[in-house]
Every structure is written in structure tokens, then in C-alpha cells.
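Fold and geometry: a report
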Amino acid sequence: MPQPTRNQGAINSEFEEFQNAASDALARLRTEIENQQAGSGPATGYAPIRQILDTLRVQHWIDKGGMDARSFDSFLEHYLRYSVKFHHPGYIAHQVSVPGFPGALAALVNGFTNNPMAIFEMGAGAASLEFAVINWMLGKVGWPLQPLPGGDQRDHAGGVLTHGGSLGNLTALLAARARVAPDAWQQGVPGDLAVMVPPVSHYSVDRAVSILGLGSDSIYQLPGNSLGVIDADGLAGTLQKVRADGRRCMALVANACATATGLHDPLRKVGEFCNEHDIWFHVDACHGATALIAPGSRKYLDGIELADSLVWDTHKMMQVPVLCAAVLLRDVMGFSYAFQQEANYLPIGDDEERYSPMPRAVECTKAALSLKVFLTLAWWGEARLGAYVDDRYAAARRFYEIIRHRPGFECPYVPESNILCFRYGSDDKLQDAIRERLLREGSFHITTATVAGKRYLRLTVMSPQTEARTIEQLLDAIERVAGTR
């Protein structure tokens, strides 16, 4: 029997050390998640940065190295102490998924295989899965699916997975710019372009406009109600102002749903207006697009098929670990117009054997994001994921009833998703003070937002463990930290 070479022996030794460390880590993570789901301990690991760096002995490990399985276990114990507990019923803050084990398993595989699969030959399996996942998404929107490479590559929709909704919005608006100003890639951005946005939009939309070279002065705010939802009857007036200022509307953006409130813009009415006036219609559906697979919540996305582009974050309501977003275009050729450069050292041309996502993405080195989505779908199924969305949306409506009937509390709207704003008392500064106190205590992690000019506390109901009892306890805690109990 041949003896292993020295290199093989080193590899075997390193992998054995990894197995030992991974086995201990899995046991610790299992206990951690079970404790979180039971509501044991804090909902967040907030602490000053100096304390965290000292406790984790960060500088020691950077300077000295030498961590092994035993010292890693100790490090992990303390590291988890300072993590946010997404499985905890008291975590009701940001729009980040409660990650499922299929996606976590994919992250482990990706960590070892390390395939930067934007080019087919660098990750054929992941690229093939991305093709299938994108087609699944296109079908849910109601757009024509991509044919296999080698066939007619026109007259169908297309998409790409990317690292987050901010890159997604940038990519979609780049495609919109290419349609109205096809020479901008070579000659620079014309000074007469404009983008019409909702009264409230994610900061990444404004950021993308400036990155694309239009400047923030090119942004025109659409009319809306007091909660920031687009008033479709006022769209013509905004377009008239754009044209009166000597500008061309590059794109109109709508929310599905708005980050601050979870409310949806009237997509069908907005889409019909855009089609009538030949305006690129982009839907920021980072949070809400997963409702496409939720029978009880799909109604909020009525008209989304009229969009020219949309962004869908699977790392929000699909329980996929961060980051994984999809940019979808109704006309796949929009990607070709958006990205016009070539790199002769990269074999990116598709044929009947290859599919390379790189011509559609900002990234060249792109993680194998598709495996996380595919395994989540393959393991849990579309029906289970859709039921989760419906359940969390329904929970937010139940919590709305609890909060609005509690003396001293008010809610500005009936929730349309799993995002709900509310406030205690009438003092804006009090809302931020309450949040800060709760964050430092650790039992509840919530956020704040400004709605209709007033400061509100804000819930995002992500964990399946968050139920009515959690909300009652939260309201008790709010009254206590506000000094009324």
C-alpha cells in the first residue's frame, strides 16, 4: 500500500483538525440555536467595541496566530455572545433572515469548494444552478423563461444573482440608463436624465443614482399619501415637471414593500402609467418579492409583472443566509446594453454547453450564491417557504391589534407585510431613548423609523418564535423603561 506523501499527510492532519473544530462548533451552535428559540438569554449581543476586542483577544490572535480546535471553541463561545440572535423571539429588528440549515450547509460547501462561478468553467455546477434558480424566479413573476444556452437568446426575461439588494438596484438602474442613453457607456452620462422615486425609498436607490453619474438633483420625488405610498393619480404631474425642467425620465421606482413601513406601492397602476409613457419601471422588491410564493400575500404584488426590472433578496424572507439577491429583467438584452465592455482574457461567451452569469453582473469574482437558494428550495420546498411568509405577515397583523388596543400606544397603519411601526406616547425623542435602553438590556432588539414626520418604534417579525406573548412582554418592557411602570 503506497505511503501518503508529506503533503498528503499535512492535508489529512489539517482536515482532521477541521473536523474536530467543526464537530465542537456544530454542537455549540445547536445549543445556541435551541437556547435562542426558547427565548433563553438576550436577543442581541450588543457591547462596546473595546470590550468585544478585548474579550475575543483579537490583537493576540492577529499578532501570534496559533489558534487550534480547543482555543477556537473558547473563541466561538465568546464570539456567539456578541452575535445577534435571529432565532430568538425577541429579535424583531432588521430585515435579515432567520437562516435555515440548508443554506448554512451550502455556505459550508461553498467555503471549501470556493468556486468563483461568474465564468462557467470556474464553477459549472453553481452556474447551472443559478440558471435554474433564476428561471424559477422568472416564472413566479410571470415572465418568459430563459432557454438553455445555444438557442434564441432574445425575446425572454433573464436575471443574475448578486451580493445584495444595493448592487441589485444599481444593476437594474444601469440597464434603465442604457435604454434611454445608449451612448452613456462610451461618452458619459447626459445631463438631462431624471429618476422618479417614491416619497420613501431605500437609500441604495439614491446612492445608485449618484454612482451612475446622474447626481442627486436628478431625483424627483413622486406624490404620495402621508405614509409614503405612491399616489398613482399624481404621476402625470411629476412627469410633466420633469419634462418642463428639460429632462428625460430614465426610470420610475416603486416599493414592494417600503423598508420603513412594509407598505406596498400600487404596482399595477404605476406599471400601466409607465407602459403608457414608455418609462422604465423598476420595482424594489427586495423584501416583498418572496410573497410571490405565498398564497395569502401574493395579492400585494399585483401588477409586478409589468415591471421592466425588479430586485428580490432571498436573504430576507426565503430564510437564505446573507447575502443573496436576484436582479431580474423582463428583457434579457437589457444586461447586454448595461455592461458593454469585453475582457479578452475571460472565456465568457455562452454556447450550447456553457452559461456564464458574469456579463450580467458587477462582480467578476462572484460567490456560488445559487447553491444556498437551491438547497433551501430542494430541502424545504416552495410551499413551506410560502407558508412561512403568510404566517409572519399574519402575525404582524395580530400584533397590530394587540398594540393599538394597549393604552398609550398607537399604530399609524394596518400592516401589509411583517413590518409594523408603532409608538408609545407623543414624544419623538422618547422612541429613540426606548430603543436604546432595550438594545443595551438585550431582551428585545427593535429599530425605529420616521413615518409621516413622526418618530416610531419599528418591528420586523422574522423569527417563527415571535408570538403574541413576546409582544405583550415587549410592551411591558417599553412601559418600564419609559418610567410608567
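The preceding data block contains the structure.
Figured I'd write up the structure that's included with this text. It should be emphasised that the depicted structure is a prediction, and the values quoted were computed from it without experimental measurement. Here the residue index of a chain counts from 1 through its sequence in written order. With the structure being a predicted model, the display of local features is reserved for residues of pLDDT at least 70 and the display and counting of side-chain atom pairs for 80 or more, all residues being used for whole-chain, interface and lining totals. Side-chain numbers here rest on the full set of heavy atoms in the structure, without hydrogens or water.

Let us look at the sheet that holds strand β3 (residues 219-221). In short, DSSP must find at least two bridges between two strands for them to pair. Helix and strand definitions here come from DSSP, where helices need a minimum of 4 consecutive H or I residues and strands a minimum of 2 consecutive E residues; each element is numbered from the N-terminal end. Taking strand neighbours across the sheet as the criterion, the seven strands line up as β1-β7-β6-β5-β4-β2-β3 in an open arrangement whose pairing is mixed. Each having just a single partner strand, β1 (158-162) and β3 make up the two edges of the open sheet. On average, each strand axis in the sheet is tilted by 20° relative to the strand beside it, whichever way the strands run. Looking at chain direction, strand β4 (residues 248-255) and strand β5 (residues 280-284) are connected through five bridges and run parallel. Within β5, the position partnered with N255 by the bridge is D284. Sheet strands in contact with helix α7 (residues 165-180) are β1, β2 (193-197), β4, β5, β6 (309-313) and β7 (325-329), and its direction is about 150° off that of β4. Helix axes are fitted only over the stretch in contact, all axes being lines through C-alpha atoms; the angle between N-to-C directions runs from 0 to 180 degrees. Pairs of residues are marked as contacts when any of their non-hydrogen atoms sit within 4.5 Å.

By definition, a salt bridge exists where a carboxyl oxygen of Asp or Glu is found within 4 Å of a side-chain nitrogen of Lys or Arg. For the coordinates displayed, the defined rule picks out 25 salt bridges. Here R248 makes a salt bridge to D192, at a shortest N to O gap of 2.9 Å. Placement of the pair is R248 in strand β4 and D192 in the loop between α8 (184-187) and β2, with a sequence separation of 56 residues. Close ionic contact of E467 with R392 constitutes a salt bridge, the shortest N to O distance being 2.9 Å. Taken together, the residues span a long stretch of sequence, with E467 in the loop between β11 (454-460) and α16 (468-481) and R392 in helix α14 (residues 370-404) at a distance of 75 residues. For every residue, the accessible area obtained with a 1.4 Å probe (protein chains only) is divided by the maximum for its type, and the residue is called buried under 20%, exposed over 50%, and partly exposed between those limits. Residue classification places R392 among the buried positions, given a relative accessible area of 0%. Counted as one network, the salt bridges with shared partners bring together D391, R392, R398 and E467.

Attention now goes to helix α10 (residues 235-244). By the burial criterion, the buried members of α10 are L235, T238, L239 and V242. The arc enclosing the buried residues of α10, seen along the axis, measures out at 100°, which places them on a common side. More than 90 degrees from the buried face of α10, the exposed residues found are Q240 and A244. Packing partners of the buried residues in α10 comprise β2, β3, β4 and α11 (267-277). The first or second residue beyond α10 is G246, which carries a positive phi of 75°. In this description, one arc is meant: the one made by directions from the helix axis to the C-beta atoms.

Bringing unusual backbone geometry into the picture now. Following A256, the chain continues into C257 via a peptide bond in cis, with omega recorded as 10°. Topologically, C257 is positioned in the loop between β4 and α11. Cis peptide bonds are those with omega within 30 degrees of zero, and the linkage from V322 to L323 qualifies with -10°. For L323, the location among the structural elements is in the loop between α12 (314-317) and β7. The phi torsion at N114 lies on the positive side, around 55°, for a residue other than glycine. By secondary structure assignment, the location of N114 is in the loop between α5 (101-113) and α6 (124-141). Residue classification places N114 among the exposed positions, given a relative accessible area of 59%. In this structure, D278 is a non-glycine residue whose phi angle is positive, near 55°. With respect to the helices and strands, the residue D278 is situated in the loop between α11 and β5.

A few words on the packing of aromatic side chains. Side-chain rings of Phe, Tyr and Trp, where Trp is taken by its six-membered ring, are said to pair if the distance between their centres is within 6.5 Å; with planes under 30 degrees apart they count as stacked, over 60 as edge-to-face, and otherwise as tilted. For the structure on display, the rule yields 12 aromatic pairs. Ring centres of F15 and F18 lie 5.4 Å apart, and the angle between their planes is 55°; this geometry places the pair in the tilted category. In this pair, F15 and F18 both sit in helix α1 (residues 6-37), three residues apart, roughly one turn of the helix. Classification of F18 by relative accessible area gives partly exposed; the value is 29%. Between F86 and Y91, the ring centres sit 4.7 Å apart and the planes meet at 70°, which makes this aromatic pair edge-to-face. Under the relative-accessibility criterion, Y91 is labelled buried at 1%. An aromatic cluster is present here, built from F15, F18 and F112 joined pairwise through their rings. Consider the ring centre and the ring normal. A charge sits over the ring if Lys NZ or Arg CZ is within 6 Å of that centre and within 35 degrees of that normal. A cation sits over an aromatic face here: R384 above W380, 4.0 Å from the ring centre. In this structure, R423 packs its charged tip against the face of Y456, placed 5.2 Å from the ring centre.

Packing of helix α15 (residues 428-441) against α16 leaves a shortest axis separation of 10 Å and a crossing angle of 110°. One way to sum up the angle between α15 and α16 is to call them roughly perpendicular. Judged by the sense of rotation from one axis to the other, the crossing of α15 with α16 is right-handed. Within the contact between the two elements, α15 uses I434, R437, L438 and E441 and α16 uses L474, A477, I478, R480 and V481. Class assignment for the residues of the contact of α15 with α16 results in six nonpolar, no polar and three charged. The cut-offs work like this: below 35 degrees is roughly parallel, past 145 is roughly antiparallel, 65 to 115 is roughly perpendicular, and the gaps in between are oblique. If you view the pair so one helix is near and one far, a crossing is left-handed when the near helix is turned anticlockwise from the far one by less than a right angle, and right-handed when it is turned clockwise. Any residue outside Ala, Val, Leu, Ile, Met, Phe, Trp, Tyr, Cys, Pro, Asp, Glu, Lys and Arg is labelled polar, Gly included; the first ten of those are nonpolar and the last four are charged.

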